[in-house]
Structures are given as structure tokens and as C-alpha cells.
Amino acid sequence: MIATTAVCLVALGPSAAVAEQIVVATTGGAYEKALREAWFDPFTAKTGIEVVTVAATNAEMRAKAAAMVKTGNVSWDLYLQGEIQAASEQHLLYAENLSAFCREFSTHADLDADACNAAGVRLLSNSTLLAYRSDAFAAAAPRTWADAWDVQKFPGGRSFPDFNDPWRVMAAALLADGVSPEKLFPLDIERALAKLEQIRPAVALWWKTGDQSMQGFRNGEYVVGQIWLTRAKALKSEGLPIAWSHAASFLVGDRIALIKNAPHRENALKLAEYWLNTPAAQAKVCEALSCKPPSGEAVKLMSPEARADMPSTTDPQSSPVIPDAKWINDNAALLLERWNAWIQQ
């Protein structure tokens, strides 16, 4: 099947499959716009296969995928998942194991070793980090999570995410409280919540979606927040005075997963194959979003400025913290239970 897919990609013309489509669930906004312009539309131009998108949060995607597979009423083909969630045992209850599909790419020296695995196809590596409005501070700018908690030195509203993945907020709180990165996991949940209690009065928004995380920076509702680098870069591209600190960041990533019993399975695999085989598409996405693509050739195609903005694991002064995915997945229920109890107080 895989060997013939590449042939089909070349042979299919725009008129050959005009009625065909793929349904992809994304997180919408600037992220989807970058995927649309660099990946979806060029794929459609080459194959004639329309890429239809639906927007949802990652939590909504997981819940919807589970419900569709359980009921046998599957309308999606592909959906985004964070790298950590994709590494969980639950993920493969609803996503098809792509090990067989990935064999073709295991010998591609240009691709990261885990660019394609059982859980899905790597879209990008990114980071969750401290971002701030650079016009809010006349002198020094916040650089660490301790700075984010210092409302005397860095006054103004704060923002943090509130969705069913609270480890990153707790981790930031522990780093702000003096825990060293190498001793961060396992997370001390109660200590983290106690530290978060200190910053709660300054939090103007507990955001649910990437688009929400951006809007408050636009209207000045807050000046410091925890946000995805992809969203911070999108704000900067809009012309807003947004800056960020890699010294206060966590390395994360996104995969595209194939839902079990996808109605357009073969077309979905063609779209995934196109991504892995097209460094130019990867480079264009990460040029727009300051992410690291899975292809080394794609990195070379990016501008020096975009490469400088990418999360780095080699700079000792600003390397992101690499989260313990196994611990997070093993303790996901406890994390969410304690988080919900605290946030609802």
C-alpha cells in the first residue's frame, strides 16, 4: 500500500479526485492558517483532494475521537495531538497504529528518528514559554518563571492555560519557587498549587484555547503569560510588541494522528506522506510559527531569523525543560483532579 501511495501522489492530477476529501481536526487560528497555506492547499493543488478542517481544542479532539470510535460513527480522518498525549497508552485506543506506514520513512536520513512512529506523524517541535509585551517594561524584561511571579518588579496582568493538561502550569510554578529543572519531575503538586495561589490575584485570564491566549495580549488585558511559541510568533508577525524567553520554556511537540476507521484513510495517508516528503512545506510552517520541523533540510530552508527563534536543546542558557511524558501520563488523572479542585475554589 505504501509503495503505491507515492505513485498515486504523482499520478493524481487536480481533476482526478475533485470529489475526494480529507477531514482534519486542528486547533484553528494562526496555527491552522500556517498549515493551510504551506501544506493543505499545495497538497490539494497537486492531488485534487480537498482538505476540510474542523477546529477544536486538544482535549475536545481526544474526547470526540474516542466517542466516534466507540460509536462507529467516524467523520474525521486526522487530528492533532500533543506529543505527550500521543505517547500515552490511551492514544492508540482511538488512533490507528502507523508503524507499518512509518517503515518507508525509517531510512530517511533527513528526518528525525521519531518523525513517524506508531502514534502518528510529527508535525513540529515547539515550546510552551513565558511571553510578554515588550512595551510594558521600560528597563529589564521578565526572563524566568520567578520573574513572572514578581508583580512588583514586573507589574501587570498575567495569563496561564486552564485545560485538562495542567502539568505545564504546575511546572512553571515549581520553577518559580526555586526547584531546579533536573529535579522538577515528579512534580510536587501541592507545592505548585501553593505557589500558584500567590499569583492568582494577578491572573487576568485562564485561557482555554490558543486563540484566547493571544487575544489578551492584543488588547492589553495582560502583559505576561504562558503561551505556545507558535502563538507568540503569530502575535509578533501581526506587528504586536511581543517577545519571549526560551529560558522559561518547556519542549513540546505536535503529531497528526489517524483516527481508527477513518472514512478517507488512504487520502489521509497521502497527506501525511506529502508532509514528510516535502521539506519546503515544513519550512514554511515553521518560518511562520518559530517551530522546529522534523526534516533537517527544512531547517536549512528557513531564514536565519526563524532558526534563531526555534526552541533549542543545545544552548545551556536557554534550553527548554524536557517534560517527563511517562510521569505526566501515569499521573494525568491526579493532576487534573487536583487542578480542577484548586481552579474552582
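Every value quoted in this text rests on a predicted model; they were computed, and no experiment measured them.

Calculation rules
- Starting afresh in each chain, residues are numbered from 1 along the sequence in its written order.
- Since the coordinates come from a predicted model, pLDDT governs what is reported: local features require at least 70, and pairs of side-chain atoms require 80 or more to be given and counted, while whole-chain, interface and lining totals use all residues.
- Excluding hydrogens and water, the side-chain values take into account all heavy atoms of the structure.
- Secondary structure elements are defined from DSSP: runs of H or I of at least 4 residues count as helices, runs of E of at least 2 residues count as strands, and each element is numbered from the N terminus.
- The reference for a compact globule is 2.2 Å times residues^0.38; the radius of gyration itself is calculated from the C-alpha atoms.
- Only protein chains enter the accessibility calculation, which uses a 1.4 Å probe; a residue whose area is less than 20% of its type maximum is buried, one above 50% is exposed, and one in between is partly exposed.
- Two residues form a contact once any of their heavy atoms are found within 4.5 Å.
- Computed with the Shrake-Rupley method and a 1.4 Å probe, the accessible areas treat only the protein chains shown as cover for residues.
- Cavities and pockets are found on a 1 Å grid laid over the protein atoms alone: a cavity is a set of points where a 1.4 Å probe fits but cannot escape, a pocket is an open set with protein on both sides within 12 Å along at least five of seven lines, and a lining residue has an atom within 4 Å of such a point.
- Grid points are joined across faces, edges and corners, and a volume is the space filled by probe spheres set on the points.
- Each residue is assigned to one of three groups, with Ala, Val, Leu, Ile, Met, Phe, Trp, Tyr, Cys and Pro labelled nonpolar, Asp, Glu, Lys and Arg labelled charged, and all others, Gly among them, labelled polar.
- Polar contacts, as used here, are pairs of N or O atoms within 3.5 Å; protein pairs need one atom able to donate a hydrogen and one able to accept it. Residues neighboring in sequence count only if both atoms are side-chain atoms.
- When a carboxyl oxygen of Asp or Glu is within 4 Å of a side-chain nitrogen of Lys or Arg, the pair counts as a salt bridge.
- Here the nonpolar core consists of buried residues drawn from Ala, Val, Leu, Ile, Met, Phe, Trp, Tyr and Cys, with membership extended through side-chain atoms lying within 4.5 Å.
- One confidence number per residue, pLDDT, is output by the predictor and ranges from 0 to 100.
- Here is the rule: rings of Phe, Tyr and Trp (six-membered ring for Trp) pair when centre to centre is within 6.5 Å. Planes less than 30 degrees apart are stacked, more than 60 are edge-to-face, and the remainder are tilted.
- Two thresholds decide whether a charge sits over a ring: the Lys NZ or Arg CZ must be within 6 Å of the ring centre and within 35 degrees of the ring normal.

**Digging into the overall build of the protein chain**
At step 1: Secondary structure assignment for the protein chain yields 17 helices and nine strands.
At step 2: Against the compact-globule benchmark of 20 Å for 345 residues, the protein chain has a radius of gyration of 20 Å, which places it among compact chains.
At step 3: Taking the principal axes of the C-alpha coordinates as reference, the protein chain spans close to 65 × 45 × 35 Å.
At step 4: Counting over 345 residues, the protein chain shows a buried share of 55%.
At step 5: Taking the intrachain contacts of the protein chain between residues at least 6 apart in sequence as the baseline, contacts between residues at least 24 apart amount to 72%.
At step 6: Accessible area for the protein chain stands at about 14,300 Å²; split by element, carbon and sulfur atoms hold 54% of it.

**Here we look at unusual backbone geometry**
At step 1: In this chain, Phe 185 is followed by Pro 186 through a cis amide linkage whose omega measures 0°.
At step 2: Positionally, Pro 186 belongs in the loop between helix H8 (167-176) and helix H9 (189-199).
At step 3: Although it is not a glycine, Asn 261 sits at a positive phi angle of roughly 60°.
At step 4: Mapped onto the secondary structure, Asn 261 falls in the loop between strand S9 (242-258) and helix H12 (265-276).
At step 5: In the Ramachandran plot, Ser 290 falls in the positive-phi region, its phi being about 60° despite a non-glycine side chain.
At step 6: By secondary structure assignment, the location of Ser 290 is in the loop between helix H13 (279-289) and helix H14 (296-301).

**Some words on empty space enclosed by the protein**
At step 1: Inspection of the entire model under this criterion finds one cavity of 30 Å³ or more.
At step 2: In this structure, the largest cavity spans a volume of roughly 250 Å³.
At step 3: As for the largest cavity, its lining consists of 19 residues, and the residues nearest its centre are Asn 58, Gly 82, Arg 168, Trp 228 and Asp 254.
At step 4: Elements supplying a minimum of two residues to the lining of the largest cavity: helix H3 (58-71), strand S3 (78-82), helix H4 (83-86), H8 and S9.
At step 5: The class makeup of the residues in the lining of the largest cavity is seven nonpolar, seven polar and five charged.

**A word on the side chain of Gln 81**
At step 1: By the element assignment, Gln 81 lies in strand S3.
At step 2: Within the structure, the side chain of Gln 81 is placed 3.1 Å from the side chain of Arg 62, a separation counted as a polar contact.
At step 3: Non-local contacts of Gln 81, meaning those with residues more than four positions away in its chain, are made with Asn 58, Met 61, Arg 62, Ala 86, His 91, Gly 253, Asp 254 and Arg 255.

**Examining the pattern of salt bridges**
At step 1: Throughout the structure, instances matching the rule amount to 20 salt bridges.
At step 2: A salt bridge links Arg 133 to Asp 135; its shortest N-O distance comes to 2.9 Å.
At step 3: What makes Arg 133 buried here is its relative accessible area of 13%.
At step 4: Between Asp 330 and Lys 326 there is a salt bridge; the shortest N-O distance is 2.7 Å.

**What to know about the nonpolar core**
At step 1: Tyr 79, Phe 101, Leu 271 and Leu 276 are the most contacted members of the largest nonpolar core, which has 59 residues in total.
At step 2: Listed in part, the 43 residues of the second largest apolar core include Leu 130, Phe 160, Ile 199 and Ala 248.

**Some words on the environment of Ser 159**
At step 1: One can find Ser 159 in strand S6 (residues 158-161).
At step 2: Each C-alpha atom of the pair Ser 159 and Pro 241 lies 17 Å from the other, and the pair is 82 residues apart in sequence.
At step 3: If near-sequence neighbours (up to four positions away) are discounted, Ser 159 is found in contact with Val 203, Leu 205, Trp 207, Tyr 222, Val 224, Gly 225 and Gln 226.

**Notes on the confidence of the model for the protein chain**
At step 1: When pLDDT is averaged along the protein chain, the result is 91; 92% of the residues meet or exceed 70.
At step 2: Of the regions scoring below 50 in pLDDT, residues 1-18 engages in 33 contacts with residues more than four places distant in sequence or in other chains.

**Re the packing of aromatic side chains**
At step 1: Applying the stated criterion to the full structure yields 20 aromatic pairs.
At step 2: Both rings, one in Phe 185 and one in Trp 327, keep their centres 6.0 Å apart while their planes meet at 65°; by these two values the pair is edge-to-face. Here Trp 327 lies in helix H16 (residues 325-330) and Phe 185 lies in the loop between H8 and H9, a separation of 142 residues in the sequence.
At step 3: Judged by its relative accessible area of 16%, Phe 185 falls in the buried class.
At step 4: When the ring of Trp 207 is compared with that of Trp 228, the centres are 5.0 Å apart and the planes differ by 70°; the resulting orientation is edge-to-face. Separated by 21 residues along the polypeptide, Trp 207 in strand S7 (residues 203-207) and Trp 228 in strand S8 (residues 224-228) bring together distant segments of the chain. This pair shows no difference in class: Trp 207 is buried, exactly as Trp 228 is.
At step 5: These aromatic residues form a ring-pair network of at least three members: Trp 145, Trp 167, Phe 185, Phe 250 and Trp 327.
At step 6: Sitting over the ring of Trp 342, Arg 200 keeps its end group 3.9 Å from the ring centre.

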